[in-house]
Amino acid sequence: MPKQVTWTLQKAQVFFEQPLLELLFTAQQIHRQHFDPQQVQISTLLSIKTGACPEDCKYCPQSARYRTGLKSEKLMQVEQVLDSARQAKAAGATRFCMGAAWKNPHPRDMPYLEQMVKGVKAMGMETCMTLGTLDKTQADRLANAGLDYYNHNLDTSPEFYSSVITTRTYQERLDTLDEVRQAGIKVCSGGIIGMGESPKDRAGLLVQLANLSPPPESIPINMLVKVKGTPFEHKEDLDVFDFIRTIAVARIMMPASYVRLSAGREKMNEQTQALCFMAGANSIFYGSKLLTTSNPSEDKDVQLFRQLGLNPQWTQVKTAPPEKIFVKTLSENSSLFAQNQEVEQKEDASSFFYNAAI
């Protein structure tokens, strides 16, 4: 684990102002010091409770304040969630993320959330949840159930935040991350690029994340998905090089963290995604849907990984009993990652589903 650096806005802005190719070269060197450049962590995201959220996040179709045509749904039944987790595991995902459109969980929902965590964990997958604000008791209960990660994005810089959200303060978000960390759960936190923020705001977001102690283990970097009916539906398109630049600076500032390509990837061509991986991204959400927005199909990701020589990273869940597993294809129509290849679990080691070198 590298020694943590205390970052200032000025230090971060220096990287944002570098020539892009020089920045990518620096980011790739740092990436290779901490990760296998051929490995990409694969997560699947499921909306376990959709819509009717009281928050006013101006990018979000799940807010009850906006007319986006989204049909609200109650909390899914536990077995429905576990069925989806089984499908995700069969498709090659190693982490299963569950998101609920709440300001915060209600006490009556906690037993069901705990059952979901325990059930997914028993399958040998990493677990992640995003449920809004948590208090100490809720964080402790989820930790005791075995939750590995908790996602709670900062979204943007403190200075730009009030232009995006007014129903939850920036400090509330930081407080939730602190409760999660104190409970022993790993932190997943990132932001959204393309909401009208300045390069200085992007630097400010990364400074906030990098100065957390320790920084988030997982950092989702989202490109704004402009949804009809939300206040941000007419935002100007983001220059993809600005997005790639943000990925690279995130890698430099948080060298030991996973940097994830998240929302907006459907609009990125293969070349843009390739540059993101070169910039240090090493995690993606896999599957055709992210909560309520679309994502590249499984077959497209299969093809992209083959073209770039990338391997889905397999991560051991230490609470799962040692066993031998057989890799399945990511979809019925693709022959991804060596069918029926036997993989033996080893303590504190990772393995490939598919060896791009073959």
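These numbers come from a predicted model, not from an experiment. (Residues numbered from 1 in each chain as written. Predicted model: local features only at pLDDT ≥ 70, side-chain atom pairs only at ≥ 80, totals over all residues. Heavy atoms only, no water.)

## Examining the environment of Met223
1) Next: As for its placement among the helices and strands, Met223 is situated in strand E7 (residues 218-223).
2) Next: Sequence separation of Met223 and Ile192 is 31 residues, and the distance between their C-alpha atoms is 5.6 Å. (Helix = DSSP H or I, 4+ residues; strand = E, 2+ residues; numbered from the N terminus.)

## A short note on the packing of helix H4 (residues 110-122) against helix H5 (residues 136-145)
1) Next: Close contact between H4 and H5 brings their axes to 8 Å; oriented N to C, the two are set at 30°. The angle between the axes of H4 and H5 places the two elements in the roughly parallel class. When you trace H4 past H5, the crossing you get is right-handed. Residues Met110, Pro111, Leu113, Glu114, Val117 and Lys118 of H4 touch H5, and the partners they reach there are Gln138, Arg141, Leu142 and Ala145.
2) Next: Residue composition of the contact of H4 with H5, grouped by class: six nonpolar, one polar and three charged. (Axes fitted to C-alpha atoms, helices over the stretch in contact; angles between N-to-C directions. Parallel < 35°, antiparallel > 145°, perpendicular 65-115°, else oblique. Left-handed = near helix turned anticlockwise from the far one by under 90°. Contact = heavy atoms within 4.5 Å. Nonpolar A, V, L, I, M, F, W, Y, C, P; charged D, E, K, R; others polar.)

## Brief notes about the state of the cysteines
1) Next: Tallying each qualifying case throughout the model produces zero disulfides.
2) Next: No disulfide involves Cys60; its nearest neighbouring cysteine sulfur is the one of Cys57, lying 5.9 Å away. (Disulfide = S-S within 2.5 Å.)

## Comments concerning the packing of helix H1 (residues 9-16) against helix H8 (residues 240-253)
1) Next: One way to put it is that H1 packs onto H8 with a least axis distance of 9 Å and a crossing angle of 130°. Viewed along their axes, H1 and H8 adopt a mutual orientation that is oblique. The two elements H1 and H8 meet at a crossing, and its hand is right-handed. Between H1, through Ala12, Phe15 and Phe16, and H8, the contact on the second element is made entirely by Arg245, Thr246, Val249, Ile252 and Met253.
2) Next: Looking at side-chain class alone, the contact of H1 with H8 contains six nonpolar, one polar and one charged residues.

Just geometry here; none of it tells us what the structure is for.
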